[in-house]
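# Descriptive structure summary
These are the residues of each chain, in order.
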Amino acid sequence: MSELSTRPTEVPKRRVHWAWWVAAATFLSLICAAGVRSAPGVLLDPLHEEFGWSIGTISGAVSVNLALYGLVSPFAAALMERFGVRRVVAFALTMVALGAGATVFMTSSWQLFLLWGVIVGLGTGSMAMSLVAVVVGRWFVARRGLVSGLLTAANATGQLVFLPLVAHLATSSGWRTASLTVAGAALVALPIVVLLLRDRPADVGALPYGGTEADVVEPLRSGAAKLAITTLVSASRRSTFWLLVTGFFVCGATTNGLVQSHFIPAAHDHGMPPTTAAGLLALVGIFDLVGTIFSGWLTDRFDPRLLLLAYYSLRGVSLALLVPLFGADVNASIFAFIIFYGLDWVATVPPTLALCREHFGASAPVVFGWVFASHQVGAAAAALGAGLVRDALGSYDLAWYGGAILCGYAAVASVVIRRRSTPAPVAV
């Protein structure tokens, strides 16, 4: 027997697929974006007390932020096709750091609209859910539902990490320290994104995770603005697009618009300390993390329309029951609301993204960008509307009940969407 034949067979080491490093960098970027977006809910009262601006005025700046966060999303997806994911995300983190950091020099409300509304809105919008659609679509074939749930849950994780910290800093050291903290977090994330994020599997000589050559998504060769607009025109000819837009408009109105922006000041109206209310809202992030990941797992196995029906219906019930639960202290009922609402917070994203892929094929990331834009338009409308309701009536009660009614409408819009046996790409 030869010497070679007596040597033990070496077992090749399995390397971590680069798709998971890309997912990790994306997760970190989304955490930072979520942390910056969650800060205004904590800073409403401090800004009102220092500058004397009305809740409606401050809510107006928040609504600009939320609207731009959504409206820039489809263009960001197109820019990622044109210039690459890494460049777009790195530039977005820089904008977020600049906008949040410069707020410490504010002296007038128009500066709040410019910095927190426009600059931070554009920056966070470039890291919106369209980034999830691009990363999942390019890098994953296996575990798509699970990964979309994990990346969506980054929003909850950012809220969980930053809300208590921002609330504590705003109370103990002032709102300026809180703003500088979230700006610094974006700068810390920047070199990690540059190091780990890659545009496509081919850049590292790999195939999509769990896929073959047939699963490689080719670049959509077009100008970013033209691609975004032509995709919108094509998608808007289908009733499915408008049904998805309707549902996600309500989703944004009843999460980012109502709860994220106004839960803390509403609880404070009933005597609850802001730090306690911020802690409760951070708990939403914990249960949202569980709910969204579980929703991704369910989306891989069940009809996404039925999942959306359940999510919106349960959300409407919880909002309808919220008003009598507020009080100066944390009780079992408000804690139950936090758990219930948290599990449902953005569980809508994995099934909505799945329906976009099913109906719009290769154009799904840009289409989902437009669907997500409706999410943030809804959030902006609810953030502004709830602030105006509070100024006019001295209470948020009407806003909570209005959100419950909207959820019923979204549940119906979701369940009437027709299924397709094979994806149908949109011509662009």
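Keep in mind it's a predicted model, so treat the numbers as computed, not measured.

### Side note on the overall build of the protein chain
- The helix and strand tally for the protein chain stands at 17 helices and 0 strands.
- Relative to the compact-globule value of 22 Å for 428 residues, the protein chain shows a C-alpha radius of gyration of 22 Å, a close match.
- Here the C-alpha coordinates of the protein chain stretch approximately 85 × 45 × 45 Å along the principal axes.
- Expressed as a percentage of its 428 residues, the buried residues of the protein chain come to 56%.
- Surface accessibility of the protein chain: about 17,000 Å² in total, with carbon and sulfur atoms responsible for 66%.

### With respect to the state of the cysteines
- By the definition in use, this model includes 0 disulfides.
- In this structure Cys407 is not part of a disulfide, and its nearest cysteine sulfur, from Cys251, lies 8.4 Å away.

### A closer look at the environment of Ala310
- Looking at where Ala310 falls in the secondary structure, it is placed in helix α13 (residues 304-320).
- In sequence terms Ala310 and Leu146 are 164 residues apart; their C-alpha atoms lie 19 Å from each other.

### Side note on the nonpolar core
- Counting residues in hydrophobic clusters, the biggest one holds 131 residues, and the most contacted among them are Leu43, Val259, Phe263 and Trp400.
- If one sorts the elements of this core by residue count, helix α1 (residues 18-51) sits on top with 14 residues.
- When sequence neighbours within four positions are dropped, the list of residues in contact with Leu43 reads Trp116, Val166, Ala170, Trp175, Ala178 and Ser179.

### Some thoughts on the packing of aromatic side chains
- Considering all chains together, one arrives at 12 aromatic pairs under this definition.
- Between the aromatic rings of Phe51 and Trp53, the centroid separation amounts to 4.2 Å while the plane-to-plane angle is 10°, which identifies the pairing as stacked.
- Both rings, one in Phe294 and one in Trp297, keep their centres 5.8 Å apart while their planes meet at 10°; by these two values the pair is stacked. Of this pair, Phe294 and Trp297 both sit in helix α12 (residues 274-299), 3 residues apart, roughly one helical turn.

### A word on the side chain of Arg138
- Along the chain, Arg138 falls in helix α6 (residues 129-139).
- Of the residues examined, Arg138 reaches a relative accessible area of 5% and is grouped as buried.

### Some words on the pattern of salt bridges
- According to the stated counting rule, one finds 3 salt bridges in the structure shown.
- Of the charged contacts, one joins Glu50 and Arg176 as a salt bridge, the two residues approaching to 2.7 Å between their closest N and O atoms. Of this pair, Glu50 sits in helix α1 while Arg176 sits in helix α9 (residues 175-196), placing them 126 residues apart in sequence.
- On the basis of relative accessible area, Glu50 is assigned to the partly exposed category, the value being 40%.
- For Arg176, a relative accessible area of 31% translates into the label partly exposed.

### Observations regarding the packing of α12 against helix α15 (residues 349-360)
- It is the contact of α12 with α15, at a shortest axis distance of 8 Å, that shows an interaxial angle of 35°. Only Pro350, Pro351 and Ala354 of α15 make contact with α12, whose side of the interface consists of Thr292, Ser295, Gly296 and Thr299.
- Residues of the contact of α12 with α15, tallied by class, amount to 3 nonpolar, 4 polar and no charged.

### A closer look at a nonpolar patch on the surface
- Together, Leu71, Phe249 and Val377 give the surface a local cluster of nonpolar side chains, amounting to about 210 Å² of exposed area.
- Position of Val377 among the secondary structure elements: in helix α16 (residues 364-393).

### Looking at the packing of α13 against α15
- In the contact formed by α13 and α15, the axes pass within 9 Å of each other and the chain directions differ by 145°. When you trace α13 past α15, the crossing you get is left-handed. Where α13 approaches α15, its residues Pro304, Arg305, Leu307, Leu308 and Tyr311 are matched on the opposing element by Pro351, Thr352 and Leu355.
- For the contact of α13 with α15, a count of residues per class yields 6 nonpolar, 1 polar and 1 charged.

### Thoughts on the environment of Gly291
- Secondary-structure assignment places Gly291 in helix α12.
- Considered as a pair, Gly291 and Val367 are 76 residues apart in the sequence and their alpha carbons are 24 Å apart.
- Discounting chain neighbours no more than four positions away, the residues touching Gly291 are Leu343 and Ala347.

### Here we look at helix α3 (residues 73-83)
- Listing the buried residues of α3 in full gives Ser73, Pro74, Ala76, Ala77, Ala78, Met80 and Glu81.
- Looking at the residues trailing α3, positive phi occurs at Gly84, about 105°.

### Notes on the confidence of the model for the protein chain
- Averaged over all residues, the pLDDT of the protein chain equals 82, while 92% of them reach at least 70.
- Considering only residues more than four positions removed or in separate chains, one finds that residues 1-13, a stretch of pLDDT under 50, has 1 contact.

### Re helix α17 (residues 397-415)
- Between its first and last C-alpha, α17 extends 29 Å over 19 residues, near the 27 Å set by a 1.5 Å rise per residue.
- For α17, the elements touching its buried residues are α11 (239-269), α13 and α16.

Cut-off values and rules
- Residues numbered from 1 in each chain as written.
- Predicted model: local features only at pLDDT ≥ 70, side-chain atom pairs only at ≥ 80, totals over all residues.
- Heavy atoms only, no water.
- Helix = DSSP H or I, 4+ residues; strand = E, 2+ residues; numbered from the N terminus.
- Rg over C-alpha atoms; globule rule 2.2 N^0.38 Å.
- Buried < 20%, exposed > 50% of the residue type's maximum accessible area, 1.4 Å probe, protein only.
- Areas by Shrake-Rupley, 256 points an atom, 1.4 Å probe, with all protein chains shown as cover.
- Disulfide = S-S within 2.5 Å.
- Core = buried A, V, L, I, M, F, W, Y, C linked by side-chain atoms within 4.5 Å.
- Contact = heavy atoms within 4.5 Å.
- Phe/Tyr/Trp six-rings, centres within 6.5 Å; stacked < 30°, edge-to-face > 60°.
- Salt bridge = Lys/Arg side-chain N within 4 Å of Asp/Glu carboxyl O.
- Axes fitted to C-alpha atoms, helices over the stretch in contact; angles between N-to-C directions.
- Nonpolar A, V, L, I, M, F, W, Y, C, P; charged D, E, K, R; others polar.
- Patch = residues over 30% accessible without salt bridge, like charges linked within 9 Å, V, L, I, M, F, W, Y side chains within 5 Å.
- Left-handed = near helix turned anticlockwise from the far one by under 90°.
- pLDDT = per-residue confidence, 0-100.
- Expected span 1.5 Å × (residues − 1).

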